[in-house]
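Summary of the model geometry
Residue-level listing of the chains:
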Amino acid sequence: DTEVTQTPKHLVMGMTNKKSLKCEQHMGHRAMYWYKQKAKKPPELMFVYSYEKLSINESVPSRFSPECPNSSLLNLHLHALQPEDSALYLCASSQVGSANQPQHFGDGTRLSIL
Amino acid sequence: SQQGEEDPQALSIQEGENATMNCSYKTSINNLQWYRQNSGRGLVHLILIRSNEREKHSGRLRVTLDTSKKSSSLLITASRAADTASYFCATAINDYKLSFGAGTTVTVRA
């Protein structure tokens, strides 16, 4: 069992839909991350939150909108997505916002855009 | 852009054999991490080796680091079916961003 919980596990949506991905951790970590992973590729960083503030946005299109309501929760709001956005979306957390710390990953949300 | 490159891309071994995979990176590092990803799952942190360490062990895993060659290797001894997974090395390219290598897919045959 992973200590980072992501919901839903699978999501199919049309290009005009609005949906949200959710991530939760109760390890007291103060940094949380969103990654996008295409099949047979490594994860690619999208956003980093440190102490509930957005620290990094890796030039992600505005149709992806992150939100960190508190230190345990991370959301990714989706709107008007494109077929190429179909991927596995992974959430991760670390004790502090440092890339030199181990990261704990959830099992991801597999997103399909019709 | 990826900081690390891994080889081989894929590896198939018999249960009980050892598996070795290599990672090369481009810039100076504070540490290097290895992660495992089973099919359909998230990444699991395996081991972190600091730049002043040359070798580190964790159970059946042995990691080496050669900063002069900017390379690392991961050895899995006495492989099991459960070791079938993709393995990624990762290094920090700035304070917040972890960059993963392309990964090595390991298949352990029964």
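When helices and strands are tallied, chain A shows zero helices and eleven strands. Going from N to C terminus, chain A has its helices and strands arranged as β-β-β-β-β-β-β-β-β-β-β. In terms of C-alpha radius of gyration, chain A reaches 13 Å, essentially the compact-globule figure of 13 Å for 114 residues. Counting only C-alpha atoms and orienting by the principal axes, one finds that chain A spans roughly 35 × 25 × 20 Å. When contacts within chain A are restricted to residue pairs at least 6 apart in sequence, those whose partners lie at least 24 apart make up 55%. Roughly 5500 Å² of accessible area belongs to chain A as shown, and the carbon and sulfur atoms make up 49% of that amount. Positive and negative side-chain charges of chain A, numbering 12 and 10 respectively, have mean locations separated by a distance of 6 Å.

Moving on: the overall build of chain B. A tally of helices and strands in chain B yields zero helices and eleven strands. Along chain B, from the amino end to the carboxyl end, the secondary structure elements read β-β-β-β-β-β-β-β-β-β-β. Computed over its C-alpha atoms, the radius of gyration of chain B comes to 13 Å, within 12% of the 13 Å expected for a compact globule of 110 residues. C-alpha atoms of chain B, sized along the principal axes, occupy 40 × 30 × 20 Å. Taken across its 110 residues, chain B has 45% of its residues classed as buried. Carbon together with sulfur atoms contributes 44% to the accessible area of chain B, which is approximately 5200 Å² in total. Of the side-chain charges in chain B, 13 are positive and 10 negative, and the distance between the mean point of each set is 3 Å.

Residue and element names in this part refer to chain B. In this fold, Ile76 is placed in strand S8 (residues 71-76). Residue Ile76 is classed as buried on the basis of its relative accessible area, which comes to 1%. As a C-alpha pair, Ile76 and Gly4 span 72 residues in sequence and 19 Å in three-dimensional space. Dropping the residues within four chain positions of it, Ile76 is found in contact with Glu17, Asn18, Ala19, Met21, Arg60, Leu61, Asp83 and Tyr87.

Residue and element names in this part refer to chain A. For strand S4 (residues 31-37), the tally of buried residues reaches seven of seven residues, placing the bulk of the element in the interior. Here S4 runs beside strand S5 (residues 44-50); their pairing, made up of six bridges, is antiparallel. Along S5, the bridge assignment pairs Met32 with Tyr49. Between S4 and S5, which follow one another and run antiparallel, lie six residues, and Lys40 among them has a positive phi close to 60°. The pairing of S4 with strand S9 (residues 87-94) spans seven bridges and is classified as antiparallel.

Criteria and thresholds
Residues numbered from 1 in each chain as written. Chains lettered and ligands numbered in written order. Predicted model: local features only at pLDDT ≥ 70, side-chain atom pairs only at ≥ 80, totals over all residues. Heavy atoms only, no water. Helix = DSSP H or I, 4+ residues; strand = E, 2+ residues; numbered from the N terminus. Rg over C-alpha atoms; globule rule 2.2 N^0.38 Å. Contact = heavy atoms within 4.5 Å. Areas by Shrake-Rupley, 256 points an atom, 1.4 Å probe, with all protein chains shown as cover. Lys, Arg positive; Asp, Glu negative; His and termini not counted. Charge placed at Lys NZ, Arg CZ, Asp CG, Glu CD. Buried < 20%, exposed > 50% of the residue type's maximum accessible area, 1.4 Å probe, protein only. Pairing = 2+ DSSP bridges.

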